[in-house]
Amino acid sequence: QVQLVESGGGLVQAGGSLRLSCAASGRTFSSYAMGWFRQSPGKEREFVATISWSGASTYYADSVKDRFTISRDNAKNTVLLQMNSLKPEDTAVYYCAASRTTGWATKEYNYNYWGQGTQVTVSS
C-alpha cells in the first residue's frame, strides 16, 4: 500500500515557476514508477510526466517538454515536478501517482495509487 500527498500548488503569473512535491508513505516506494497527471475543468485527466523507479529514465508529454522536470529522491520518499515558464493552459489539478510497472508509464490504467491532487492556477 502506498499513500500519496501532493503539495506546492498555488497561483502564479504566466512565465513563472512552481515546484510540486509528492510525499509517499510505504517502505516499497523505491520500487514504483511515479507519474504526474493533470485535469482541467471540463477535460479528461491527462499525462504530464513519469519517472522510473531508479530515476534514470523520464518521459514527458509534448505540451510540457523542456518546461517541466520530474525527479525523485527515494531516500526521502518524494517525487518532485519543477514547472517553469508556466502558461495559462497549465492551469489544472495536478495528481501524483504510483505504478508497479517496469520502467515508466503514461496511461492512467498503469497506475495503482493516486494522491488527492493539488491546484495550480496560472494567470495571464
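In what follows, the structure referred to is the one given above.
Everything numeric in this text was worked out from a predicted model, so none of it was measured.

Basis of the calculations
Residues numbered from 1 in each chain as written. Predicted model: local features only at pLDDT ≥ 70, side-chain atom pairs only at ≥ 80, totals over all residues. Heavy atoms only, no water. Helix = DSSP H or I, 4+ residues; strand = E, 2+ residues; numbered from the N terminus. Rg over C-alpha atoms; globule rule 2.2 N^0.38 Å. Contact = heavy atoms within 4.5 Å. Areas by Shrake-Rupley, 256 points an atom, 1.4 Å probe, with all protein chains shown as cover. Disulfide = S-S within 2.5 Å. Buried < 20%, exposed > 50% of the residue type's maximum accessible area, 1.4 Å probe, protein only.

S.K.: Even after reading the chapter, I still don't get the overall build of the chain, so can you show me in this structure?
M.R.: Across its full length, the chain holds 0 helices and 11 strands. Mapped from its N terminus to its C terminus, the chain presents α and β elements in the order β-β-β-β-β-β-β-β-β-β-β. Expected size for 124 residues packed as a compact globule is a radius of gyration near 14 Å; at 13 Å, the chain falls within 12% of this value. Viewed in the frame of its principal axes, the chain has a C-alpha envelope of about 40 × 25 × 25 Å. Across the chain, the fraction of contacts at a sequence separation of at least 24, relative to all contacts at a separation of at least 6, is 59%. About 6500 Å² of surface is accessible on the chain, with carbon and sulfur atoms providing 46% of the total.

S.K.: Mind showing me how you'd approach the state of the cysteines here?
M.R.: Here a disulfide denotes one covalent bond, and it connects the sulfur atoms of two cysteines. Evaluated as defined, the whole model comprises 1 disulfide. For C22, the disulfide goes to C96, at an S-S distance of 2.1 Å. Disulfide C22-C96: the torsion about the S-S bond is -75°, which places it as left-handed. Of this pair, C22 sits in strand 3 (residues 18-25) while C96 is found in strand 9 (residues 92-99), placing the two residues 74 residues apart along the sequence. The pair C22 / C96 is uniform in exposure class, with both members buried.

Purely geometric stuff here, so don't read any function into it on its own.
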